[in-house]
Amino acid sequence: MSDPKSKTSDQQVLATALMKCVEETFTSKGNLAFSNTPEFKARNIIEYDSKMQVSGLEKFNDPAYVAAVNFYLTEELQKKRDTCGAIIAFVEEDSSSRLLKALGYSGFKDEDEDLIMDKCGEFCSFLAEKFKEELGKSGFKSFLLSAPVKGKNNVPGGVDFPYHQYTYHEASFYVWKKKIFVVDIVMGPEFS
């Protein structure tokens, strides 16, 4: 039987790898400097109807764009929607256009919510791919990525998550002297 403290430690290692991916992306793609040290904390999953409930309003107390990408160990498990993990990205609405443009995304106007939501989904997919590569370098199992699901303030219906997980890790990033980006990660025991 594995030690629960070890599982928590493994989850923290995975969350730290994701934070590294975000930091590298912000500095290399956008030449963005952090105005505060990123905040990192474990949180309890709120479940409803077998889905993880996510809310941008909880992250910023203001509207936000939300995108999520799920991880699957095999195509068969992906067809069954039996996920082994997920990344959920939150971009504060007032800073969304500025952040996305700084990261090299274009082809949208500041008031075009649907296109901004699409760009947030693209960015979440980019981070998920970068995270997958980072884990592969460290010898973790390979996995498949879903297409992003996205919404404003929440993901309608919630996000699939590994049902045997009760916590996720949240990392908050500060640019331009305010919190503008939050990323959550939940990973199943397959990665412990």
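Quick note: structure is the one above.
About the cut-offs
Residues numbered from 1 in each chain as written. Predicted model: local features only at pLDDT ≥ 70, side-chain atom pairs only at ≥ 80, totals over all residues. Heavy atoms only, no water. Helix = DSSP H or I, 4+ residues; strand = E, 2+ residues; numbered from the N terminus. Rg over C-alpha atoms; globule rule 2.2 N^0.38 Å. Contact = heavy atoms within 4.5 Å. Areas by Shrake-Rupley, 256 points an atom, 1.4 Å probe, with all protein chains shown as cover. Lys, Arg positive; Asp, Glu negative; His and termini not counted. Charge placed at Lys NZ, Arg CZ, Asp CG, Glu CD. Core = buried A, V, L, I, M, F, W, Y, C linked by side-chain atoms within 4.5 Å. Buried < 20%, exposed > 50% of the residue type's maximum accessible area, 1.4 Å probe, protein only. Expected span 1.5 Å × (residues − 1). Polar contact = N/O pair within 3.5 Å; in protein donor to acceptor, adjacent residues only side chain to side chain. Phe/Tyr/Trp six-rings, centres within 6.5 Å; stacked < 30°, edge-to-face > 60°.

Structural notes on the overall build of the chain
- Within the chain, the secondary structure is distributed over 5 helices and 9 strands.
- Reading the chain from its N end, one meets helices and strands in the order α-β-β-β-α-β-α-β-α-α-β-β-β-β.
- In summary, the chain has a C-alpha radius of gyration of 16 Å against a globular reference of 16 Å for 192 residues, a match within 12%.
- Long-range contacts, defined as pairs at least 24 residues apart, comprise 75% of the intrachain contacts of the chain with a sequence gap of at least 6.
- Just so you have it, the chain exposes about 9500 Å², and 47% of that area is on carbon and sulfur atoms.
- Each charge sign in the chain was given a centre, from 24 positive and 29 negative side chains, and these centres are 3 Å apart.

Regarding the nonpolar core
- In this structure, Phe26, Ile87, Phe131 and Phe181 are the most contacted members of the largest nonpolar core, which totals 40 residues.
- When contributions to this core are tallied by element, the ones reaching two or more residues are α1 (4-30), β4 (64-72), β5 (85-92), α4 (93-102), α5 (113-137), β8 (167-175) and β9 (178-187).
- In contact with Phe131, not counting residues within four places along its chain, are Leu14, Ala17, Leu18, Cys21, Phe71, Ile87, Phe143, Ile185 and Met187.
- Phe60, Ala68, Ala86 and Val182 belong to the second-largest nonpolar core, a separate cluster that totals 16 residues.

Considerations on α5
- The first and last C-alpha atoms of α5 sit 36 Å apart over 25 residues, in line with the 36 Å expected at 1.5 Å per residue.
- Looking only at α5, the buried set comprises Ile116, Met117, Lys119, Cys120, Gly121, Phe123, Cys124, Leu127, Ala128, Phe131, Glu134 and Leu135.
- Positioned one or two residues after α5, Gly139 has a phi angle of 90°, which is positive.

Thoughts on the side chain of Ser55
- Note that Ser55 resides in the loop between β3 (51-52) and α2 (56-60).
- Ser55 sits in the buried class, given a relative accessible area of 18%.
- Of note is the side chain of Ser55, whose polar atom sits 3.2 Å from the backbone nitrogen of Leu57.
- If we skip the residues at most four places from it in the chain, Ser55 touches Phe90 and Asn153.

Quick notes on the packing of aromatic side chains
- Tallying each qualifying case throughout the model produces 11 aromatic pairs.
- On the basis of an interplanar angle of 75° and a centroid distance of 5.4 Å, the ring pair of Phe161 and Tyr163 is categorised as edge-to-face.
- Of the residues examined, Phe161 reaches a relative accessible area of 2% and is grouped as buried.
- Owing to a relative accessible area of 45%, Tyr163 belongs among the partly exposed residues under this scheme.

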